[in-house]
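Chain by chain, the residues:
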Amino acid sequence: MEVNNMNREQIIEILSEVKDPEIPVLTISDLGILRAVEYADDLIQIQITPTYSGCPAMEIIQEDIRAELAKHGLNNVEIKQVLSPAWTSDWMSETGKLKLEAYGIAAPATHACFLSGEDRPKSCPLCHSENIEMISRFGSTSCKALYRCLDCREPFDYFKCH
Amino acid sequence: MDLHSNYIIHLADNALILGHRNSEWTGHGPILEQDIALSNIALDLIGQARNFYQLAASRINELEPGEIITEDDLAYLRDGNEFRNFILVEQPNGDWAKTILRQFYFSSFQLMQFRELLKSQNVELAAISEKSIKETRYHVKWSSEWVIRLGDGTSESHLRMLNAQQDLYPYIDELFIPSDFDYEAESSGAGILPEKLKDEWFQRINSTFETATLPMISEEKKAMHILSGKNGVHSEHLGFLLAEMQFLQRAYPGCAW
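Reading the values: the criteria
Residues numbered from 1 in each chain as written. Chains lettered and ligands numbered in written order. Predicted model: local features only at pLDDT ≥ 70, side-chain atom pairs only at ≥ 80, totals over all residues. Helix = DSSP H or I, 4+ residues; strand = E, 2+ residues; numbered from the N terminus. Rg over C-alpha atoms; globule rule 2.2 N^0.38 Å. Buried ≥ 20, exposed ≤ 12 C-beta atoms within 10 Å, placed from the backbone. Contact = placed C-beta atoms within 7 Å. Axes fitted to C-alpha atoms, helices over the stretch in contact; angles between N-to-C directions. Left-handed = near helix turned anticlockwise from the far one by under 90°. Nonpolar A, V, L, I, M, F, W, Y, C, P; charged D, E, K, R; others polar. Pairing = 2+ DSSP bridges. pLDDT = per-residue confidence, 0-100. Parallel < 35°, antiparallel > 145°, perpendicular 65-115°, else oblique. Expected span 1.5 Å × (residues − 1). Arc of directions from axis to C-beta.

Caption draft 1: Representation of the overall build of chain B. Along chain B, the regular secondary structure elements total 12 helices and 0 strands. Reading the helices (α) and strands (β) of chain B from amino to carboxyl end gives α-α-α-α-α-α-α-α-α-α-α-α. Scaling as 2.2 N^0.38, a compact globule of 257 residues should have a C-alpha radius of gyration of about 18 Å, and chain B matches this with 18 Å. By the burial criterion, 46% of the 257 residues in chain B qualify as buried. Put simply, of all contacts in chain B between residues at least 6 apart along the chain, 71% involve residues at least 24 apart.

So, in structure tokens, the structure goes:
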């Protein structure tokens, strides 16, 4: 493929194919961790931000970004990790939240809820009952907590607001 | 090494050493969910440490050109007397109560410290704090809930909390005793004197102890300050911890996978 024919929008489109390795229904743009893309003189400069400081997925995401761009013949890529402004779950797209719920993970409440301590899912992503309780503040990854539904009795992950 | 680099390394070392201690619980937690909780907190802390070490390494490389040092050199190739962490965070895990209380003490301190560092003249330090403070807020919440649950729990869990209070008492003072790098941070606007957090910290801790039906702790000095982690004079426990944590890089320098 002719590299020079690509424009920034097409590159962003390619990047939006890159999935979060832990939650493969979400792309990095759904998650809001893709912060900036610049394309000039054949150099692609990308800024990404971690959801949590120690998120081990960041390394894989960088590799996946490079691999996805390489498929299109784009190899001159610089990826920079930025910390400020700090990621918030408010940056997750509405589509992203719907995809999460459909995948069985409750979508995050707002950042305001995080600050006020009202950090909890609205309802069970499986049966939509609001009769739920927390099992653990921490779940299978840094960004999730563990809940259970008291009606359908199923445990489920909650993507914490942050 | 200049004082400001030492200040950053102090922040990094606290996070790394407590992160490592927490990781010792992985696979040994009392129940699966709490095993996962401590492993997650370990991950957050080691991630924070990594950001601080990267910042320190780039500063050191800038100030002392020559051999390039990396975040890994700082974490894995320094000896005990070069570590600047609090004695509190290197204390052995003990039982669940002691681990919880150590976390509650440290996270409460860290939360206040990060809040102040948001205003740091060192913009990178402010950025790391902005990132980390959200994680720390969650650590405080989790650990304070456990303090209450154990303190106001059974007679056994209450007793364990009393023992934990006794065990960790001698290491509280150090949190608020300034080191030369704290004075430098204060005067350059990069950080604050820890002493300024003292009253707020005791209030925060004691208000949770009250809810947990545990005795309050006072600011009275109880310890003789022979040890000073911030100045590299550590308890014997750090050496054993480093022997485990640094083994691979010491035995196989540069090893990567």
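Past the structure itself, the notes keep going.
Caption draft 2: Inspection of the overall build of chain A at higher detail. Counting its regular elements, chain A contains 5 helices and 7 strands. Reading chain A from its N terminus to its C terminus gives the helix and strand order α-α-β-β-α-β-α-β-α-β-β-β. The principal-axis extent of the C-alpha atoms belonging to chain A is close to 55 × 30 × 25 Å. Counting the 162 residues in chain A, one finds 40% classified as buried. Nonlocal contacts in chain A, meaning residues at least 24 apart in sequence, comprise 52% of its contacts between residues at least 6 apart.

Caption draft 3: Here's a closer look at the packing of helix 5 (residues 96–117) of chain B against helix 6 (residues 123–151) of chain B. All names here are of chain B. With their axes 7 Å apart at the nearest point, helix 5 and helix 6 run at an angle of 145° to one another. Regarding helix 5 and helix 6, the two cross each other, and that crossing is left-handed. Looking at the contact of helix 5 with helix 6 residue by residue, the class counts come to 14 nonpolar, 10 polar and 2 charged.

Caption draft 4: Broad picture of the interface of chain B and chain A. Taken together, the contact pairs 19 residues of chain B with 15 residues of chain A. Only helix 2 (32–63) and helix 6 of chain B provide two or more residues apiece to the side of chain B that touches chain A. Tallied by class, the residues present in the side of chain B that touches chain A amount to 8 nonpolar, 5 polar and 6 charged.

Caption draft 5: Structural detail: the sheet that holds strand 2 (residues 43–48) of chain A. Residues and elements named next belong to chain A. Here we have 3 strands laid out as an open sheet, ordered 1-2-3, and mixed in their pairing. Here the strands that pair on one side only, and so sit at the sheet edges, are strand 1 (34–40) and strand 3 (77–81). Sheet twist, expressed as the mean angle between neighbouring strand axes with direction ignored, is 15°. Two strands pair when backbone bridges link them, and strand 1 and strand 2 are joined in this way by 6 bridges, in the antiparallel orientation. Paired with Val 37 across the bridge in strand 2 is Ile 46. Seen against the sheet, helix 1 (residues 8–15) touches strand 1 and strand 2 and runs at an angle of roughly 140° to strand 1. Lying on the sheet, helix 3 (residues 57–71) is in contact with strand 2 and strand 3; it crosses strand 3 at an angle near 160°.

Caption draft 6: Quick look at the confidence of the model for chain A. Here chain A shows a mean pLDDT of 92. Residues at 70 or above account for 98%. Ranking the elements of chain A by mean pLDDT puts helix 5 (residues 111–116) of chain A last with 84 and strand 4 (residues 105–106) of chain A first with 97.

Caption draft 7: Geometry of the packing of helix 6 of chain B against helix 7 (residues 155–168) of chain B. All names here are of chain B. One way to put it is that helix 6 packs onto helix 7 with a least axis distance of 7 Å and a crossing angle of 125°. In terms of axis orientation, helix 6 runs oblique to helix 7. In this structure, helix 6 uses Val 147, Leu 150 and Gly 151 to contact helix 7, whose residues at the interface are Ser 157, His 158, Arg 160 and Met 161. Class assignment of the residues belonging to the contact of helix 6 with helix 7 gives a composition of 3 nonpolar, 3 polar and 1 charged.

Caption draft 8: Main features of unusual backbone geometry. All names here are of chain A. In this structure, the amide linkage connecting Ser 84 to the following residue, Pro 85, adopts the cis form with an omega of -5°. Along the chain, Pro 85 turns up in the loop between strand 3 and helix 4 (94–103). The backbone of Asp 41 sits at a positive phi, close to 50°, despite the residue not being glycine. Here Asp 41 shows up in the loop between strand 1 and strand 2. Positive phi, normally seen in glycine, also occurs at Arg 153, with a value near 70°. With respect to the element layout, Arg 153 can be found in the loop between strand 6 (144–149) and strand 7 (155–159).

Caption draft 9: Structural context of helix 7 of chain B. Residues and elements named next belong to chain B. Here helix 7 contains 14 residues, and its C-alpha end-to-end distance of 20 Å stays within 8% of the 20 Å for a straight helix at 1.5 Å per residue. The complete set of buried residues in helix 7 reads Arg 160, Met 161, Ala 164, Gln 165 and Leu 168. Projected down its long axis, helix 7 shows its buried positions confined to an angular sector of 145°, all on one face. When the buried face of helix 7 is taken as reference, the exposed residues oriented beyond 90 degrees from it are Ser 155, Glu 156, Leu 159 and Gln 166.

Caption draft 10: The arrangement of the sheet that holds strand 7 of chain A in detail. Residues and elements named next belong to chain A. Pairing is mixed in the open sheet, where 4 strands are placed in the order 4-7-6-5. Unpaired on one side and paired on the other, strand 4 and strand 5 (132–136) mark the two borders of the sheet. With 5 bridges connecting them, strand 6 and strand 7 associate as antiparallel partners. Counted as the bridge partner of Ala 145 is Tyr 158 from strand 7.

Caption draft 11: Structural view of the pairing of strand 6 of chain A. Residues and elements named next belong to chain A. As judged from the 4 bridges shared by strand 5 and strand 6, these two strands associate in the antiparallel manner. Bridged to Glu 133 within strand 6 is Arg 148. Following strand 6, the chain reverses through 5 residues before pairing antiparallel with strand 7; Arg 153 in that reversal takes a positive phi of roughly 70°.

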